[in-house]
Amino acid sequence: MCAAEAAESLLRSEETFSACLARINTIVLKPLLQADPHEQKGKDNLKLLLLLNDRFHALWDLTEENHRTLKQKFSISPSLCLQDLYILWKGDLFLSIYIQYFVTFANCVVVQGFEQVAKNKSEFWKTHKTALKQFLADFTSETSIPVALHTVLHKPLRDHVQQYAVILTRLSEAVGKCPDQELVTSVAKQYAKLKSFISQVLDEACVTKALWKSLGNKLAEWLCVPERRLLEDSKNLPVFASVGRTNRVLLFDDILVLIQGNNCQSFDLKLVWVDGSGSEKPDPENRHALHIVTPEEVFFLSAKEPRMKAVWQWKLNQAVRQALNGKRDFPLWGEAGEGSEPPFHRCFKYIFRAEGRFKNAAYEGEWYWGKPHGKGTLKWPDGRNHVGDFKEGLEHGFGICLIPLLSEDKYDCYKCHWCEGKMRGYGICEYGNEMVYKGYFNDNLRQGFGILENPSAKQPFQYTGQWDNDKKNGYGVWDDKDRGERYIGIWQDDHRHGQGIVVTQSGVCYQRTFHVDKMVGSGILLLEDDSVYEGNFTSDLTFVGKGKLTFSNGFTLEGTFSNKSGQGLQTQGILNTSSDQQDASITKVQLGLDEFPVEKRWQGIYDQFLDFLHSGCKEEMEESCTGFHIQTSKELRKSQEYLFCQRGSEDVSGKIEDVLEELVQHRELESLQCYLEKAFKSSLHPLGKLLKALTFAFQATYSGIGANKHLLNMAQEEVKYYAKKIWEFYQGLLHLALEQKGQSLAKTEDGEKSDLNAYGVILPLILPCFYPELFMLYMLYHEKEDNLYCQGIVDLSLFPDIKLLEFLDVQKHLWPLKDLTLTTNQRHSLIKDKCFLSATECLQKLITTVDPREKLEILQKTYEEIESTVSRVVERDYKLPMDDLLPLLMYVVSRARIQHLGAEIHLIRDLMDPTNKGGMYDFLLTAVESCYEHILKDMRLHQKESWYVARDP
C-alpha cells in the first residue's frame, strides 16, 4: 500500500465514520442531555454526560477536519504523499482526544450512568428503541436500553481505531526503507497501544462497576468515585491484612482499602510504601508477606503463595508509581510500567488524624518511607506552624516555628536548629512580647550561652550570659537600661546569686555578694570622686554598720556608720589625716579578678565550638553549634544581629571541607597570618563566628555603662584569654584537617609555646574588635595621670625649640640649628616645632594603629629618625648613648603632644608579644615611659609646691 492508497482508504473511512457520528449525536446524545434530574445523583450523572458530549464533539471535529483536508488534497492532486496524512503528523492529538473520550465514557460506565438515564427516560427509549438498531448488528427485542446505549457510544469509535491501526500497519509494511519509515512504524505502534488501552479501560470500568453493585450501599457511597478503578481484589487473588478484623483488601488506582465489616480504612497511594524484601515479618513462619508503610499505619499483607505475593507487590508498586505521576500508563499495564518501582523520596500533603503531637496538623513536603523527611511545612488548626527540615518524622535541622499567643494576635517565632523533634543548638526566638533571645537551646529549653533582650521603651534590658534549664544560671551580664545599671556576676535560677559587680551610669560601682537578688555581707563601693568605701551598705548606696571610707585626698574615716531619718549620715570612728596622697592600690582597685576567673567566663561560647570540633566538624552540626545566617526584621538587625548572622563579602569559604583544606595549605607564619586575617573577617568561617560571639560578649560587658576603670584588668586578661582559646580552636581544626589527610602535627605544643603563638599571632589580629572598649578603659584608668601629663606638655609647648632643648639639657652640639629656617625679623630663639620634626611626626603615628607590635615599630622608627637627625648634625654616624637619648626623646615626646600617652604606654606594655620583652622594643618603650614619668614627676612637684604656698601664705 502506497501513501496515495492509504490516503484513499483513510478518506473513505473518515467519511463513513463522520456520518456515523452525526447519527449518534442526533439519535443518542441529544436525547441523553435533555434529562432534567432533581436528585443530586442524577445531577452528577448529567455532568458526566455533558463532559462525554464535549469529548464526543472534539473527536467528531477532528474527524471532520481530517476528512476535509484529505478531500481538498485529492481535489488538487490524486497522488498524495505521507506528509498529507494527518494521523501521522498529528498522531499525538488523535491519541489524546480518543484517550480522553474513552476515559470519560468509562467514568459513565462505572457510576451506572446509562442505567440511570434509561430508567429516568424509559418511555422515550421504548418508543425510540428501533432507532438504535441501525448501530447494532446483534440487536434484538431482548437487548436492554443501557446495554444498547453502552454499545452505541463506544463500539463505532473502537472499530474506527481498529481501521486506523490496520491502515497504518499496511502502510508501514509497504513503505520499505525510506526516511519516514520510522515515523510510520512508530505511529502504527501507538495506535496498536491505543486499541489495548481502550480494551483495558473498558474492562476496568466493568469490573469496578460490578464491585460497586456487590458492596453494601454504605461502602459503595463512601468509595464510589467516577474516576476510581479497581485494580485488584483479595476475593480474586487472596491476601490477608494484619490490621484488625480485615476481611477484604481492595486496590484501586488511587487508594488502598481495607474492609472491616461495614467499615473501611483507606490509604492514599501517594503515601504508601511497599516492602517485599522480607526484612520486616509479621510471623517467621509466613514468608510471603508485604510490609505496607503509611504515615500513621504500618501493617502486613500476607499471601499463601509466592506467586500471589509477587502479583500484589507488582500491582501495588505500579499503582503507587502511576498515582505519583498523576496519570495512568499508556497502555495501562504495558511496557511503560514494567520493572520500575515508585521512588522512596516523595513530596505530598497529608493531614494527621491519629493521637499525638501532630494530630490534625497538615504536613506538606518531602517524605521517606511513610515519615516526613527533608524540607516541609507543618500547620496546625490553632495557628501553629513549623517550616524547615525533618528527619524520620520529626523536626530535625534548621526550622522556623510560629506559636500563636492565645490572649492576643501575636506569635512567638523560633528560628533555630532542631534535633529529634526538639530545639537543640543555636537559635533566635522573637517572642510575642517583643523580647528577643539569641543563643543556644537544648530539649526546647534555653541552655548554654544566650542573649535575652527587651528593646521596648517601657523596660528595656539585655542579659548576656549562661543559661541552664531555661533560666539564667552561671556567669552573665544584665544591662538595665531604664535604671542605668549593669550587673556583672553570677546568677542562679533567674536571680543574682553569688559574687557580683554593679556599675552605674554615674560612674559609681560596687562589688557585693548577692543572695536571691539581695545584697548580703560587706563589700567595696567605689565612688565617682575616687573615694573608696569598704564595708556594708544598702541598695541605695547608704553606708551602714562598720566600714572604712578612704577619701580621694588620702584621708581615711573608719568606724560605724548609720543613717537615721532626717538626720543624714552619722558615724562614730577615727579620721586619719596623716596622709596627703591616696594609695594607688586603693584609688585604682580592680574588681572581679579573683571572683570571676577568666577561664570561667563565657564558657558557654567555647563549649559549643568545642562540641563542633569534637564531632569531627560535621557539616550538619556546623550551624547548630556555631550559628547560622538568616534574614531578619529591621528591629532584630538593630539589636546587633551580626552576632553570628551578618553577611558580607566573603574571601574565605564557609564550607567546612574547604576550611579544613585551606588550613593545611597556610601553615607558614606569613601565610597563616594572611589567612587568619581573612577568616576573622568572614561571617561564614568558624573562627570568624567565634570571634564575633566573643566580641559581642565583650561589648555587652565593657561598653557604655561598663566603661569603668575598675574593670580594666578584667577586660585586659579577657582579651588575652580570647586569643589563647582561638589559637586552641585553630590548632584543633588543623589537627582534624591533617588527621583526615592521614598526617599529623610535627609536635604537640606545650603551654608556653601555645601562649606565645596566641599573643604573637592571634592577639594582633583580633585586637581591633575589642580596641574601642579596651582603650576606653585604659584612658579612664590613667585619666588623672594623663591630664597631669597634658598640663606638663602644655607648659613645655610654651618654650621655643632652642629654649626647650636647653631646658632639657640636650647637648648643644646635637642641636639641629640648620633645620631652623628663618624668615624676616625672626631669631633662632623664637622658632617652635621645627627641630627633630621627622621624629615628632613619626611618634604622632602612635595613635593611628591598634596593634601593639606596630606601635613598637613606630617607637623604633622614631628612635631611628632621632639618630638620623643627630648623625646629620654631627656629620657622621652617631649612636646615641642613654644620657643623650633621654633628653632628645623627652623633646620629641613633648612636641608630639600625644594626649593619652600613659594609656598608650600601658596598653602596649600589657599586650605586647612576650618575646619582645628585654629586647630593643622593650628598651624604647621603657625610655618613652621614663619621659612620661619625668613629666609627671615635675608636675606633681609643681602642684605640691603650689599647695604649700597656698597653705602658708
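Just so it is clear, the model here is predicted, and its values are computed rather than measured.

A. Expanded view of the overall build of the chain. Looking only at helices and strands, one finds 27 helices and 27 strands in the chain. Relative to its 953 residues, the chain shows a buried fraction of 50%. Long-range contacts, defined here as pairs at least 24 residues apart, represent 53% of the contacts in the chain between residues at least 6 apart. Carbon and sulfur atoms make up 50% of the accessible area of the chain, which amounts to about 46,000 Å² in all.

B. Seen up close, the packing of helix H18 (residues 686-702) against helix H19 (residues 712-740). At a minimum axis distance of 11 Å, the contact between H18 and H19 shows a crossing angle of 165°. What the angle tells us is that H18 and H19 run roughly antiparallel. Our pair here, H18 against H19, has a crossing hand that is right-handed. Within the contact between the two elements, H18 uses Pro686, Leu687, Leu690, Leu691, Leu694, Phe698 and Tyr702 and H19 uses Met714, Ala715, Glu718, Val719, Tyr722, Ile726, Phe729, Tyr730 and Leu733. Among the residues making up the contact of H18 with H19, the classes are represented as 15 nonpolar, no polar and one charged.

C. Main features of the sheet that holds strand E3 (residues 248-252). Strand order in this open sheet of four strands is E1-E3-E4-E5, and the pairing throughout is antiparallel. Two strands lie at the open edges of the sheet, namely strand E1 (230-233) and strand E5 (263-268), each paired on one side alone. Across this sheet, the average inter-strand angle for adjacent strands is 20°, counted without regard to direction. Here E1 pairs with E3 via three bridges, running antiparallel. The residue of E3 that forms the bridge with Asp233 is Leu250. The strands that helix H9 (residues 181-214) touches are E1 and E3; relative to E1, the one it contacts most, it runs at about 60°. Contacts from helix H11 (residues 306-325) reach E1, E3 and strand E4 (255-260) within the one sheet, and its direction differs from that of E3 by about 40°.

D. Representation of the pattern of salt bridges within the structure. Summed over the entire model, instances satisfying the criterion amount to 35 salt bridges. One salt bridge connects Lys90 with Glu65, and the closest N-O pair in it is separated by 3.6 Å. One end of the pair, Lys90, is in the loop between helix H3 (86-89) and helix H4 (91-110); the other, Glu65, is in helix H2 (residues 40-76), and 25 residues separate them in sequence. With a relative accessible area of 31%, Lys90 lands in the partly exposed category. Linking Lys741 and Glu661 is a salt bridge whose minimum nitrogen-to-oxygen distance equals 3.2 Å. Here Glu661 lies in helix H16 (residues 656-665) and Lys741 lies in the loop between H19 and helix H20 (751-781), a separation of 80 residues in the sequence. What makes Glu661 partly exposed here is its relative accessible area of 34%. Residues joined in a network through salt bridges with shared partners are Glu204, Asp253 and Arg328.

E. The environment of Leu805, seen in detail. With respect to the element layout, Leu805 can be found in helix H22 (residues 801-807). A relative accessible area of 0% places Leu805 in the buried class. With near-sequence residues (within four places) excluded, Leu805 lies in contact with Val810, Trp815, Pro816, Cys835, Phe836 and Tyr891.

F. Structural context of a nonpolar patch on the surface. Where nonpolar side chains cluster on the molecular surface, the patch consists of Met882, Met920 and Phe923 and spans about 240 Å² of accessible area. The residue Met882 is located in helix H25 (residues 882-896) in this model. Judged by relative accessible area, which is 36%, Met882 ranks as partly exposed.

G. The arrangement of the side chain of Asp412 in detail. As for its placement among the helices and strands, Asp412 is situated in strand E14 (residues 411-419). Although Asp412 lies buried, it forms no salt bridge, and the closest oppositely charged side chain, Arg446, sits 9.5 Å away as judged by the N-O distance. Those residues in contact with Asp412 that sit more than four places away from it in its chain are Cys401, Leu402, Ile403, Leu405, Glu430, Tyr431 and Gly432.

H. Main features of the nonpolar core. Counting 81 residues, the largest nonpolar core has Trp602, Ile605, Leu676, Ile726, Ile762, Ile766 and Leu774 as the members making the most contacts within it. Here this core takes 16 residues from H19, the largest share from any one element. Non-local contacts of Leu676, meaning those with residues more than four positions away in its chain, are made with Leu687, Tyr730, Val761, Ile762 and Leu765. Judged by nonpolar contacts, the second largest core, of 72 residues, contains Ala7, Phe197, Ile198 and Ala220.

I. The arrangement of unusual backbone geometry in detail. Even without being glycine, Trp369 reaches a positive phi, approximately 50°. Within the secondary structure, Trp369 is located in the loop between strand E10 (362-368) and strand E11 (371-379). A relative accessible area of 22% places Trp369 in the partly exposed class. One non-glycine residue with positive phi stands out, namely Asp809, at about 65°. Inspection of the secondary structure assignment puts Asp809 in the loop between H22 and helix H23 (837-844). The exposed category is assigned to Asp809, whose relative accessible area is 62%.

J. How the structure looks around the packing of helix H24 (residues 852-874) against helix H26 (residues 901-911). For the pair H24 and H26, interaxial distance at closest approach is 9 Å and the crossing angle is 120°. It follows from the interaxial angle that H24 and H26 lie oblique. Every pair of crossing elements has a handedness; the one defined by H24 and H26 is left-handed. Judged by residue contacts, Pro852, Lys855 and Leu856 of H24 engage Glu904, Leu907, Ile908 and Leu911 from H26.

K. Representation of the sheet that holds strand E2 (residues 240-241) in the model. Spatially, four strands are ordered E2-E8-E7-E6 in an open sheet, and the strand pairing comes out antiparallel. In this open sheet, the two strands that pair with only one neighbour each are E2 and strand E6 (273-275). Note: E6 against strand E7 (residues 289-293), three bridges, orientation antiparallel. Along E7, the bridge assignment pairs Val274 with Ile292. Set on the sheet, H11 makes contact with E6, E7 and strand E8 (298-302); between it and E7 the angle comes to about 25°.

L. Local environment of the packing of aromatic side chains. Taken as a whole and assessed by the stated rule, the structure comprises 49 aromatic pairs. Judged by centre distance (5.1 Å) and plane angle (90°), the ring pair of Tyr363 and Trp367 falls under edge-to-face. Given a relative accessible area of 0%, Tyr363 falls into the buried group. On the accessibility criterion, Trp367 (0% relative accessible area) is buried. For the pair Tyr414 and Phe441, a centre-to-centre distance of 6.3 Å together with 70° between the ring planes defines the contact as edge-to-face. Taken as a pair, Tyr414 in strand E14 and Phe441 in strand E16 (residues 436-442) lie far apart in primary sequence, 27 residues in all. The burial state of Tyr414 is the same as that of Phe441; both residues are buried. Among the aromatic residues, those joined into a cluster by ring pairs are Tyr414, Tyr431, Tyr437, Phe441, Phe461, Tyr463, Trp467, Trp478, Tyr487, Trp491 and Phe514. We note Arg346 situated over the ring of Trp273; from NZ or CZ to the ring centre the distance is 4.1 Å. The ring centre of Trp380 lies 4.4 Å from the NZ or CZ of Arg384, which sits over that ring.

M. Main features of H11. Spanning 20 residues, H11 covers 28 Å between terminal C-alpha atoms, matching the ideal 28 Å at 1.5 Å per step. When we look at burial in H11, the residues that qualify are Met308, Lys309, Trp312, Lys315, Leu316, Asn317, Gln318, Ala319, Val320, Arg321, Gln322 and Ala323. Once H11 finishes, Gly326 follows within two positions and takes phi at roughly 80°, a positive value.

N. A look at the confidence of the model for the chain. Per-residue confidence for the chain gives a mean pLDDT of 85; residues scoring 70 or more make up 87%. Long-range and interchain partners of residues 629-650, a stretch whose pLDDT sits below 50, account for 57 contacts in this model, where long-range means more than four residues apart.

O. Representation of H18. Here H18 contains 17 residues, and its C-alpha end-to-end distance of 24 Å stays within 8% of the 24 Å for a straight helix at 1.5 Å per residue. Among the 17 residues that make up H18, 17 are buried, leaving the element largely enclosed by the rest of the structure.

Calculation notes
Residues numbered from 1 in each chain as written. Predicted model: local features only at pLDDT ≥ 70, side-chain atom pairs only at ≥ 80, totals over all residues. Heavy atoms only, no water. Helix = DSSP H or I, 4+ residues; strand = E, 2+ residues; numbered from the N terminus. Buried < 20%, exposed > 50% of the residue type's maximum accessible area, 1.4 Å probe, protein only. Contact = heavy atoms within 4.5 Å. Areas by Shrake-Rupley, 256 points an atom, 1.4 Å probe, with all protein chains shown as cover. Axes fitted to C-alpha atoms, helices over the stretch in contact; angles between N-to-C directions. Parallel < 35°, antiparallel > 145°, perpendicular 65-115°, else oblique. Left-handed = near helix turned anticlockwise from the far one by under 90°. Nonpolar A, V, L, I, M, F, W, Y, C, P; charged D, E, K, R; others polar. Pairing = 2+ DSSP bridges. Salt bridge = Lys/Arg side-chain N within 4 Å of Asp/Glu carboxyl O. Patch = residues over 30% accessible without salt bridge, like charges linked within 9 Å, V, L, I, M, F, W, Y side chains within 5 Å. Lys, Arg positive; Asp, Glu negative; His and termini not counted. Core = buried A, V, L, I, M, F, W, Y, C linked by side-chain atoms within 4.5 Å. Phe/Tyr/Trp six-rings, centres within 6.5 Å; stacked < 30°, edge-to-face > 60°. Lys NZ or Arg CZ within 6 Å of the ring centre and 35° of its normal. Expected span 1.5 Å × (residues − 1). pLDDT = per-residue confidence, 0-100.

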